[in-house]
Amino acid sequence: MMDTHNLHSLGHYTCCLLPDTADIAMALKHINMLKGVPLTLFITDPSGKMSGTLTDGDIRRGLLGGYTLSDPVTNIMQRHFRYLSDGADNLGAFRSARELGIELLPVLDKDKHIIGTADLRHQSSMLPLDAVLMAGGRGERLRPLTVTTPKPLLPVGGKPIIDYNIESLSAYGICDIFVTVNYLREQIIEHCSRYHGTARVKCVPEDRPLGTFGSVGLIKDLKHDNVLVMNSDLLTTLNFEKMYEHHISSQAALTMAVVPYTVSVPYAILRTEQDRVLGFEEKPTYNYFANAGVYILHRHLLKDIDGSTRIDATDFIDTLLSQGLKVGYFPIDGTWIDIGSPDDYDMACKKMAP
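Residues numbered from 1 in each chain as written. Predicted model: local features only at pLDDT ≥ 70, side-chain atom pairs only at ≥ 80, totals over all residues. Heavy atoms only, no water.

K.L.:
Can you help me understand the overall build of the protein chain in this one?
P.N.:
Across its full length, the protein chain holds 10 helices and 19 strands. With respect to the principal axes defined by its C-alpha atoms, the protein chain has extents near 95 × 45 × 45 Å. For the protein chain, the proportion of its 354 residues judged to be buried stands at 47%. When contacts within the protein chain are restricted to residue pairs at least 6 apart in sequence, those whose partners lie at least 24 apart make up 69%. Accessible surface for the protein chain amounts to roughly 18000 Å². Of this, 53% is attributable to carbon and sulfur atoms. Taking the average location of the 34 positive side-chain charges in the protein chain and that of its 42 negative ones, the two points are 2 Å from each other. (Helix = DSSP H or I, 4+ residues; strand = E, 2+ residues; numbered from the N terminus. Buried < 20%, exposed > 50% of the residue type's maximum accessible area, 1.4 Å probe, protein only. Contact = heavy atoms within 4.5 Å. Areas by Shrake-Rupley, 256 points an atom, 1.4 Å probe, with all protein chains shown as cover. Lys, Arg positive; Asp, Glu negative; His and termini not counted. Charge placed at Lys NZ, Arg CZ, Asp CG, Glu CD.)

Laid out in structure tokens, this is it:
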């Protein structure tokens, strides 16, 4: 039998499964019952191993070719089908399928058992990344809102802040999302346990504040060569695919997302040399990049972090720089709100209001 955990991970796409013992009539009835999903069936053996795929077009061609409704689906199914491999770099395969107009792809484990799906109508990419959402902060500046509710669960536009990030990461094909929790952790753990999307969301408790990268050391089952780490209380339209591609092409050890930050000085600024005035700069404006709280880094950089020591992002990055490693940056083109203050929270609520 197919593992029931795998069936759960398929969600409502379980309706696309059909045993290889079925006949064409059963396949036709099955396709007619599909609602809200592409008209594609995944043909499996009793253990859940993929045998082929079958679409309504395959059935029409089979019947026109002389097969009858009582013939087995194995006669007309596509045995050479496209699929994604769990834990592998599927970005190229995903793009190729999208260019061919394919709407639904199975995700297979190493034994070719189906463990998930990628719906290309709603999913924009298939990034080979694990993701870590930092959700352990106390949200001090948002009190009293955070006295009884952890900041990641504060509602924005009708749903918790953290849900926007989980849904966005999932839409980019990130299958494993780890959420590090501390303050009021039980609420976040319970909330994430109800998630029924395509990603696997796992909460990782920390017994004391460990900082951004200190808590990543608690995660022992990362799969990919690169890891995305971000604050869970951000509201952003960051294009994770473009950031990942920039990270890979630039050969950086770590790439951080940044936002432009402008400082306007409302006074004339002196240009000086020792005790002498050389001139004035009238009301100058200075442009900087600020840390946006999103990072992509090579997993091997985490090998010496065991989850016992606090390591903040700035300290971690300073260490990389002192070792001569390349740290790159990627500007965010679009929305970025760090929901850290009442004004930020109010702005986010207004922006996402229905």
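K.L.:
Please explain the packing of aromatic side chains as it appears in this structure.
P.N.:
Any two aromatic rings considered together are summarised by their centre-to-centre distance and by the angle between their planes. Tallied over the entire structure, the rule returns 5 aromatic pairs. Ring geometry for Y172 and F240: centres 5.4 Å apart, planes at 85°, overall edge-to-face. With a gap of 68 residues between them, Y172 in the loop between α5 (161–171) and β10 (176–181) and F240 in helix α8 (residues 240–249) connect regions that are remote in the sequence. As far as burial versus exposure is concerned, Y172 and F240 are alike and both buried. (Phe/Tyr/Trp six-rings, centres within 6.5 Å; stacked < 30°, edge-to-face > 60°.)

K.L.:
What's the story with the environment of G173 in this structure? I'm lost.
P.N.:
When you line up the elements, G173 lands in the loop between α5 and β10. Taking the relative accessible area as the measure of exposure, G173 reaches 5% and is therefore buried. Put simply, G173 and L129 are 44 residues apart on the chain and 8.6 Å apart in space, counted from C-alpha to C-alpha. With residues up to four places along the chain from it excluded, the contact list for G173 reads Q123, S125, M126 and L127.

K.L.:
Help me understand the sheet that holds β10 in this model?
P.N.:
By way of backbone hydrogen bonds, the strands of a sheet pair with one another, either parallel or antiparallel. With respect to topology, 7 strands assemble into an open sheet ordered β11-β10-β7-β12-β17-β14-β18, the strand pairing being mixed. Looking at the sheet topology across the chains shown, the edges are occupied by β11 (200–205) and β18 (327–331). Along the sheet, successive strands turn relative to each other by an average axial angle of 35°, direction set aside. Of the strand pairs in this sheet, strand β14 (residues 254–264) and strand β17 (residues 285–298) are connected by 10 bridges, and their pairing is antiparallel. In the strand pairing of β17, V263 is matched with Y286. Strands β7 (129–135), β10, β11 and β12 (226–231) of the sheet are contacted by α5, whose axis makes an angle of about 175° with β7. Lying on the sheet, helix α9 (residues 313–322) is in contact with β14, β17 and β18; it crosses β14 at an angle near 115°. (Pairing = 2+ DSSP bridges. Axes fitted to C-alpha atoms, helices over the stretch in contact; angles between N-to-C directions.)

K.L.:
Honestly, the side chain of H224 in this entry has me stumped. Any pointers?
P.N.:
Locating H224 in the fold gives a position in the loop between α7 (211–214) and β12. When near neighbours in sequence (up to four residues on either side) are disregarded, H224 contacts G87, A88, P128, L129, D130 and R299.

K.L.:
Is there a simple way to explain the environment of D71 in this structure?
P.N.:
Counting through the fold element by element, D71 comes out in the loop between α3 (56–64) and β4 (84–85). Each C-alpha atom, one on D71 and one on G101, is 28 Å from the other, the two residues being 30 residues apart in sequence. Residues contacting D71, with those up to four places away along its chain left out, are D23 and I24. Only 2.7 Å separates the side chain of D71 from the backbone nitrogen of T68, close enough to count as a polar contact. (Polar contact = N/O pair within 3.5 Å; in protein donor to acceptor, adjacent residues only side chain to side chain.)

K.L.:
Teacher, can you tell me more about the pattern of salt bridges here?
P.N.:
According to the stated counting rule, one finds 18 salt bridges in the structure shown. A salt bridge links D86 to K223; the shortest N-O distance between them is 3.2 Å. Remark: K223 occurs in the loop between α7 and β12 and D86 occurs in the loop between β4 and α4 (91–99); sequence separation between them is 137 residues. According to the relative accessible area criterion, K223 is partly exposed, its value standing at 36%. Here K151 ties to D233 by a salt bridge, and the two come within 2.6 Å at their closest N and O atoms. Of the two residues, K151 sits in the loop between β7 and β8 (155–156) while D233 sits in the loop between β12 and β13 (234–236), which places them 82 residues apart along the sequence. Accessibility assignment for this pair places K151 and D233 in one class, buried. By sharing partners, the salt bridges in this structure join D86, D176, R200 and K223 into a single network. (Salt bridge = Lys/Arg side-chain N within 4 Å of Asp/Glu carboxyl O.)

K.L.:
How should α4 be read in this particular structure?
P.N.:
Think of an α-helix as turning once every 3.6 residues; residues three or four places apart then point the same way. Buried residues of α4: L91, F94 and A97, and no others. Looking down the long axis of α4, one finds its buried residues gathered within 130° of arc, a one-sided arrangement. Where α4 is buried, its residues touch β4, β5 (104–108), β6 (114–119) and α8. (Arc of directions from axis to C-beta.)

K.L.:
So what exactly am I meant to see when it comes to the sheet that holds strand β1 (residues 17–19) here?
P.N.:
The strand order across the open sheet formed by 3 strands is β1-β2-β3, and the pairing between neighbours is mixed. Each edge of the open sheet is held by one strand with a lone partner, namely β1 and β3 (50–55). In this sheet, adjacent strand axes meet at a mean angle of 30° when their direction is disregarded. In this sheet, β3 lies alongside strand β2 (residues 40–44) in antiparallel orientation, the contact comprising 5 bridges. Following the sheet pairing, F42 is matched in β3 by T53. Seen against the sheet, helix α2 (residues 24–33) touches β1, β2 and β3 and runs at an angle of roughly 165° to β1.

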